[in-house]
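# Secondary and tertiary structure notes
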Amino acid sequence: LIIMLLGSAAISLCLGQTADAVSIGLALTIVSLVAAVQEYRSEKALEKLADLVPHTCAVLRDGRMRDGYPAKNLVVGDLVMLSTGDRVPADCRIIDGVELTLDESSLTGENAPVHKMSEGIIVPGSEAASPSSMSSVSPPLTTQSNIAFMGTLVTSGRGRALVVAVGDRTEFGKVAQDMREVEARKSPLQIKIDELGKTLAGVSSIVIAVIALLGWFLGRPFLETVTVAVSLAVAAIPEGLPICVTVTLALGVLRMAKMNAIVKKLPVVESLGCATVIASDKTGTLTQNEMTARSVYALAFPSLSFGLTGVGYNTSDGHLVRSTVDDKNISGQRKHQQVSQHTMEYGAISALFGVASVCNNASIVIPTSEDTAEGPLGTAISGQPTELALLVGAAKAGVPDPRPLYHRIQEIPFSSDR
């Protein structure tokens, strides 16, 4: 449709109809400006979001450990430190590690954590390969147990790794390059507008031919007949339609922005409205990838039921409560009483959460004021959701973290198979 309008403007200029050409050009300018401004604002918003949570890592540079180093400044040969909760900043060769496991679901689709080791691996078929072709032999990603891929998450353990690839040379970078070559599909609205443009072009051609033939039969001058026919065809093209469509989509983008959703391309709004089925991953997409400890059972008090209020990792939004089977109000619901350090049950609860904190690799930092808050809800967190839920439960129960009082000699990581 845009091409037809450009052709109509050119024909109008050739026929001396300057007003029509200017109006069509003005309409196209408005459409282009609205789309460009909206996409520019979306790009800036996405850049600000990326700057809010920069990807950092711990790297050894010049013989010194640098924590919070920007991952985009890494080069091949850097030595990075990996620990539980870290996101791998680049493709790295594992040098050494202690029970190091990574979540590679974002790259390979496998949801089970992958154990990483520092030993070398034997590439299938490399025994029969010639020395000149050894460098071209690349094992599957799922078999590269000594490589930590960029973008994967350390679920447990710790280790050191040497950077072997950055940027587009990483496996994620190769995927991104392949995605750039994929042709973008048109939205349903764009398909319908293209069909409308083809229909108008066909109808206009037929109208021009019919009027030209009719004028020739009536003995009219040929140039005058063609001019009338072309003018009618140009008038049939709706130059206001692109403005209406663009403005409508822009209003949809603004409404989505008020609901904290950033839309990069205008046609995406219409595509979202046409969706009938949404297939989505669950953890971290439909859910927040958070776990919460809600109930506590103490052997010393079998007749009591303990619970933790609040949801998520906000330690200040919840506390420990207790109730008995017979302790109910008139409506039949249990009456809860808050458990404090002065109640007799606190000793058993303190011992329970103390063990849960010692057998824990997660970390949670509770700031003393809002100015020192680093993470979501004023809390800096790192670790697996299960272990974080136990630490948050201990904080809600008022049990201090006993780990600074101990020195870890050996660790046996948790395994569902053990």
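Further up the page is the structure itself.
Everything quoted here is computed from the prediction, not taken from an experiment. (Residues numbered from 1 in each chain as written. Predicted model: local features only at pLDDT ≥ 70, side-chain atom pairs only at ≥ 80, totals over all residues. Heavy atoms only, no water.)

### Describing the overall build of the protein chain
So the rule is basically this: Helix and strand labels come from DSSP, where a helix needs a run of H or I of at least four residues and a strand needs a run of E of at least two; each type is numbered from the N terminus. Any two residues whose heavy atoms approach within 4.5 Å are treated as being in contact.
Along its length, the protein chain carries eleven helices and 13 strands. Considering only contacts within the protein chain whose residues lie at least 6 apart along the sequence, 61% involve residues at least 24 apart.

### A few points about the nonpolar core
Applicable threshold: Side-chain atoms within 4.5 Å are what join buried Ala, Val, Leu, Ile, Met, Phe, Trp, Tyr and Cys residues into a set we call a nonpolar core. Relative accessible area decides the class of each residue, using a 1.4 Å probe on protein chains only: under 20% of the type maximum gives buried, over 50% gives exposed, and in between gives partly exposed.
If you look at the biggest cluster of nonpolar residues, it comprises 16 residues, and the most contacted ones within it are Leu74, Val80, Leu82, Val88 and Cys92. Mapped by element, the contributors of at least two residues to this core are strand 1 (56-61), strand 3 (79-83), strand 4 (91-103) and strand 7 (153-165). Per-element accounting of this core gives the leading share, four residues, to strand 4. The contact partners of Val80, leaving out residues within four places of it in the chain, are Ala58, Val59, Leu74, Pro89, Cys92, Gly159, Arg160, Ala161 and Val163. Grouped together as the second largest cluster of nonpolar side chains are 14 residues, Val296, Phe301, Phe306 and Ala397 included.

### What about the pattern of salt bridges?
Definition in use: In what follows, salt bridge is the name for a side-chain nitrogen of Lys or Arg lying within 4 Å of a carboxyl oxygen of Asp or Glu.
Going through the model one piece at a time under the given rule, you end up with seven salt bridges. The closest approach of N and O atoms between Arg61 and Asp78, which form a salt bridge, is 2.7 Å. Taken as a pair, Arg61 in strand 1 and Asp78 in the loop between strand 2 (64-70) and strand 3 lie far apart in primary sequence, 17 residues in all. Asp78 carries the same exposure label as Arg61, and that label is buried. Arg403 is paired through a salt bridge with Asp401; the nearest N and O atoms lie 2.8 Å apart.

### So, helix 11 (residues 385-396)
For clarity, the threshold we go by: Given the number of residues in a helix, its expected span is that number minus one, multiplied by 1.5 Å.
For helix 11, built from twelve residues, the straight-helix expectation of 16 Å at 1.5 Å per residue is met to within 8% by its first-to-last C-alpha distance of 16 Å. Every buried residue of helix 11 is accounted for by Glu387, Leu388, Ala389, Leu391, Val392, Gly393, Ala394 and Lys396.

### Some words on the pairing of strand 9 (residues 304-308)
Worth spelling out the cut-off: If DSSP finds at least two bridges between two strands, the strands pair.
With four of five residues buried, strand 9 is to be regarded as a mostly interior element. Two elements, strand 8 (residues 295-296) and strand 9, share two bridges in a ladder whose sense is antiparallel. For Ser295, the partnering residue across the bridge sits in strand 9 and is Gly307.

### Topic: the packing of helix 5 (residues 188-218) against helix 8 (residues 267-274)
The axes of two packed helices give the description: the angle between them and the distance between them. Where we set the bar: Throughout, an axis means a line fitted to C-alpha atoms (over the contacting stretch in the case of helices), and angles, computed between N-to-C directions, take values from 0 to 180 degrees. Note that the term roughly parallel is reserved for angles under 35 degrees, roughly antiparallel for angles over 145, roughly perpendicular for angles of 65 to 115, and oblique for everything else. Throughout, the ten residues Ala, Val, Leu, Ile, Met, Phe, Trp, Tyr, Cys and Pro are labelled nonpolar, Asp, Glu, Lys and Arg are labelled charged, and all others, Gly among them, are labelled polar.
Here helix 5 crosses helix 8 at 105 degrees, and the two axes come no closer than 7 Å. Judged on the interaxial angle alone, helix 8 and helix 5 are roughly perpendicular. Taking contact as the criterion, the partners of Pro188, Leu189 and Gln190 in helix 5 are, on helix 8, Pro267, Glu270, Ser271 and Cys274. In terms of residue class, the contact of helix 5 with helix 8 is made up of four nonpolar, two polar and one charged.

### Thoughts on the packing of helix 10 (residues 346-358) against helix 11
Worth spelling out the cut-off: For a crossing to be left-handed, the near helix must be turned anticlockwise from the far one by less than a right angle; the clockwise case is right-handed.
Viewed as axis vectors pointing N to C, helix 10 and helix 11 meet at an angle of 145 degrees, and their least axial separation amounts to 9 Å. Where helix 10 crosses over helix 11, the two elements pack in a sense that is left-handed. In contact with Phe353, Ala356 and Ser357 of helix 10, helix 11 contributes Leu390, Leu391, Gly393 and Ala394. A per-class count over the contact of helix 10 with helix 11 returns five nonpolar, two polar and no charged.

### Examining the side chain of Lys116
Using the following cut-off: Polar contacts here mean pairs of N or O atoms no more than 3.5 Å apart (in protein, one a potential hydrogen donor and the other a potential acceptor; neighbouring residues in sequence count only if both atoms are side-chain atoms).
When you line up the elements, Lys116 lands in the loop between strand 5 (114-115) and strand 6 (147-148). For Lys116, the side chain forms a polar contact with the main-chain oxygen of Gln144, separated by 3.0 Å. Dropping the residues within four chain positions of it, Lys116 is found in contact with Ile94, Leu100, Leu102, Glu104, Gln144, Ser145, Ile147 and Phe149.

### Here we look at the environment of Gly173
The residue Gly173 is located in helix 4 (residues 171-180) in this model. The spacing of Gly173 and Ala90 is 83 residues in sequence and 10.0 Å in space, taken between C-alpha atoms.

### Details of the environment of Ala58
For Ala58, the location among the structural elements is in strand 1. Residue class for Ala58 comes out buried when judged on its relative accessible area of 15%. Separated by 13 residues in the primary sequence, Ala58 and Ala71 place their C-alpha atoms 8.9 Å from one another.

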